Amino acid sequence: LSDATSGSLFAFIVFLIVTKVKIGNKVLLFLGKISYEFYLLHGLMIFFINKFVGIEKPVVFCIISLASIIVLSTIVNFVQKKIITFTSKKTQLIN
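Nothing here was measured: the structure is a model prediction, and the numbers come from that model. (Residues numbered from 1 in each chain as written. Predicted model: local features only at pLDDT ≥ 70, side-chain atom pairs only at ≥ 80, totals over all residues. Heavy atoms only, no water.)

1. A word on the packing of aromatic side chains
Stated precisely, the cut-off is as follows: Note on aromatic contacts: the rings of Phe and Tyr and the six-membered ring of Trp form a pair at centre separations within 6.5 Å, being stacked when their planes are under 30 degrees apart, edge-to-face when over 60 apart, and tilted otherwise. Note on classification: 1.4 Å probe, protein chains only; a residue is buried when its accessible area is under 20% of the maximum for its type, exposed when over 50%, partly exposed between these limits. Where helices and strands are cited, they refer to DSSP runs of H or I of at least four residues and of E of at least two residues respectively, numbered from the N terminus.
The tally for this structure, following the rule as stated, stands at two aromatic pairs. Plain terms: the ring middles of Phe47 and Phe48 are 5.4 Å apart, the flat faces sit at 70° to each other, and that makes the pair edge-to-face. Taking relative accessible area as the criterion, Phe47 reaches 47% and is therefore assigned partly exposed. The partly exposed category is assigned to Phe48, whose relative accessible area is 36%. Ring centres 5.6 Å apart and planes at 15° place the aromatic pair Phe48 and Phe52 in the stacked group. Here Phe48 and its partner Phe52 are both found in helix 3 (residues 35–53), four residues apart, which amounts to about one turn of the helix. Look at Phe52 and you get exposed, because its relative accessible area is 58%. One aromatic cluster is present, built from ring pairs that chain together Phe47, Phe48 and Phe52.

Take a look at the structure:
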C-alpha cells in the first residue's frame, strides 16, 4: 500500500486505542512521559523499519513500528533522566 494509506491506517489504530482508554489511565500517563522522545524518534524509526526490515503488510508495519518506537523512546527517556540526575548532583557538589 501507499505511504498515505499506511499513515492513515496508523492514525486510525492510534485513534481507536485512545478512544477506548479513559483519560488518566496509567498507559496514557506513560505515553505522556515519553511523548517528546516519541516525537523525536518516530520518523527515524519508521524510516529504518521501512528500509531495512521491509514489512509488506501495513497492519504489521504499524504494530512493529509503534512497539519499537515506544521501546526506544522509553530507553532514551530513562537514559536522559539518569544523565540529568547525575549532572545535577555533580553540579550541587561543585557549588
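2. A few points about the environment of Ala67
Along the chain, Ala67 falls in helix 4 (residues 58–94). C-alpha of Ala67 to C-alpha of Leu29: the two residues are 38 residues apart in sequence and 17 Å apart in space.

3. A few points about helix 3
Worth spelling out the cut-off: To get the bend at a given residue, fit one axis to the seven residues ending there, fit another to the seven starting there, and take the angle between those axes.
Helix geometry: helix 3 is bent most strongly at Leu41, by close to 45°. Inspection of helix 3 places Glu37, Leu41, Met45 and Ile49 among the buried residues, and these make up the whole buried set. Count one or two residues on from helix 3 and you reach Gly54, which has phi positive near 65°.

4. What about the confidence of the model for the protein chain?
For residues with low pLDDT, the predicted coordinates do not support detailed interpretation. Using the following cut-off: A score between 0 and 100, pLDDT records how confident the predictor is in each residue.
Chain-level statistics for the protein chain give a pLDDT mean of 85 and a share of 91% at 70 or above. Ranking the helices and strands of the protein chain by mean pLDDT puts helix 3 first, with 90, and helix 1 (residues 3–20) last, with 80.

5. Some words on the nonpolar core
The line we're drawing: Buried Ala, Val, Leu, Ile, Met, Phe, Trp, Tyr and Cys residues that are joined via side-chain atoms within 4.5 Å together make up what is termed a nonpolar core. The criterion used for residue contact is that any of the two residues' heavy atoms lie within 4.5 Å.
Within the largest apolar cluster, five residues are counted, these being Met45, Ile49, Ile55, Phe61 and Ile69. Contributing elements (two or more residues each) for this core: helix 3 and helix 4. Once residues lying within four places of it in the same chain are set aside, the contact partners of Ile69 are Phe38, His42, Met45 and Ile46.

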